[in-house]
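Understanding the architecture of this molecule
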Amino acid sequence: MIVAGATGFAGALAAHLLWRHPRFELTGVTGRSEVGRRLDDLYPRYRVPLEIEELDLDGFGALDAAVVSYPHAAAAPTVGALRARGARVVDLSADFRLADLSTYERWYGAHPRPELLSETAYGLTELHRAEIASANIVANPGCYPTASVLALAPLARAGLLADVVIDAKQGISGAGRTFDDTTHLSIAGENILPYNVAAHRHTPEIEEQLGLLGANLKVQFQAHLVPLDQGELASCYVTPTRTVAPAELSELYTGEYAHEPFVEVVDVPPGTRDVLATNFCRVFAAADPHTGKVIVLSAIDNLWKGTSSQAIQNLNLMFSFPETEGLL
């Protein structure tokens with residue numbers, strides 16, 4: 001298999017996880033820059049001794065699978081070309097995350113390959129296992145929707161979401177390898193930066209997934225960059241449809257995630273360091289007797305469970321390997 005777009009943070013980590021995976025054979029890494037350079041020269045800590053190539057599918061022969069790590073709109077044509085050759089694909093972009101085409105077009109513009117939506121599964125593993133296992137294309141979720149939807153899914157299933165505000169904070173690696181004024185150390189260091197105010201593209205993704213669980217509502221979502229390398233914390237402030245007692249809330253969350261290998265329900269608020277460089281999501285829920293609201297905190301590593309290690313979790317399902325293979 002190959003990783004297309006291995007020079008970015010997410011693609012490089014996916015290549016690292018596949019290179020050390022006991023079942024997958026990584027045969028190539030491609031990039032639109034750094035061609036001819038070895039990946040372990042560009043990212044020494046990952047130790048993937050493959051030369052970065054231009055994407056030429058004829059040169060790779062038969063492919064069973066691929067991870068595509070391109071920006072939205074650029075990813076879909078490559079996904080289509082891989083599918084034409086019979087490869088099953090995990091796409092890390094936003095191109096296939098929204099099942100509703102009109103919603104996609106409202107937030108992103110014209111879809112490059114809308115005909116592929118019908119063979120796509122949404123890759124939040126804990127919610128869509130059966131669909132992922134049989135899918136030819138898996139749309140890896142955004143990191144913010146991963147943390148947010150895992151935080152809110154038990155309440156959504158129980159019909160307890162009347163209103164929600166999500167205040168999410170992420171390390172600057174989430175902005176990608178191409179730096180601008182907001183991610184420059186002199187700006188991002190010792191600072192908290194809100195961005196995409198009232199216009200974040202992950203909002204419809206969160207709303208669509210909560211809607212599938214029975215909670216049809218508009219979500220107020222706000223993202224912030226914080227001076228961390230990687231890590232993410234979603235703080236969700238929920239107005240429930242009725243009063244929720246602490247014991248009921250605890251039972252709801254522990255019951256929902258009791259058999260999930262990568263979701264940990266904890267009794268103290270999590271921090272980002274708790275899940276650094278892992279595929280785990282830590283969730284904490286509390287009922288506030290003063291306001292009647294429910295507060296849910298969800299911590300992930302934005303490059304791991306928020307992106308690349310979740311892609312491996314999905315690939316394991318797609319090829320009938322143990323879900324935790326190569327991730328523990």
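Heads up: the structure comes first, above all this text.
Residues numbered from 1 in each chain as written. Predicted model: local features only at pLDDT ≥ 70, side-chain atom pairs only at ≥ 80, totals over all residues. Heavy atoms only, no water.

**Let's talk about the overall build of the protein chain**
- Tallying secondary structure elements over the protein chain gives ten helices and 14 strands in all.
- In terms of overall size, the protein chain behaves like a compact globule, its C-alpha atoms giving a radius of gyration of 19 Å where 328 residues would be expected to give roughly 20 Å.
- Taken along the three principal axes of its C-alpha coordinates, the protein chain extends 65 × 45 × 40 Å.
- The burial tally for the protein chain puts 55% of its 328 residues in the buried class.
- Contacts spanning at least 24 positions in sequence make up 68% of the contacts within the protein chain whose residues lie at least 6 apart.
- Working note: accessible area of the protein chain is about 13,700 Å², and carbon and sulfur atoms make up 52% of it.
- Each charge class in the protein chain was averaged separately, 24 positive and 39 negative side chains, and the resulting centres sit 1 Å apart. (Helix = DSSP H or I, 4+ residues; strand = E, 2+ residues; numbered from the N terminus. Rg over C-alpha atoms; globule rule 2.2 N^0.38 Å. Buried < 20%, exposed > 50% of the residue type's maximum accessible area, 1.4 Å probe, protein only. Contact = heavy atoms within 4.5 Å. Areas by Shrake-Rupley, 256 points an atom, 1.4 Å probe, with all protein chains shown as cover. Lys, Arg positive; Asp, Glu negative; His and termini not counted. Charge placed at Lys NZ, Arg CZ, Asp CG, Glu CD.)

**Thoughts on the pattern of salt bridges**
- Applying the stated criterion across every chain yields a total of 15 salt bridges.
- Ionic pairing is found between Glu-119 and Arg-83, a salt bridge with its closest N-O pair at 2.9 Å. Linking Glu-119 in the loop between helix 4 (101-108) and strand 6 (120-122) with Arg-83 in helix 3 (residues 75-84), this pair joins segments that are 36 residues apart in sequence.
- A residue is classified by how much of its surface remains accessible, and Arg-83, at 17% relative accessible area, is buried. (Salt bridge = Lys/Arg side-chain N within 4 Å of Asp/Glu carboxyl O.)

**Observations regarding a negative patch on the surface**
- Taken together, Glu-51, Glu-53, Glu-54 and Asp-56 make up a surface patch of like negative charges.
- Among the secondary structure elements, Glu-51 is positioned in the loop between helix 2 (39-42) and strand 3 (52-53). (Patch = residues over 30% accessible without salt bridge, like charges linked within 9 Å, V, L, I, M, F, W, Y side chains within 5 Å.)

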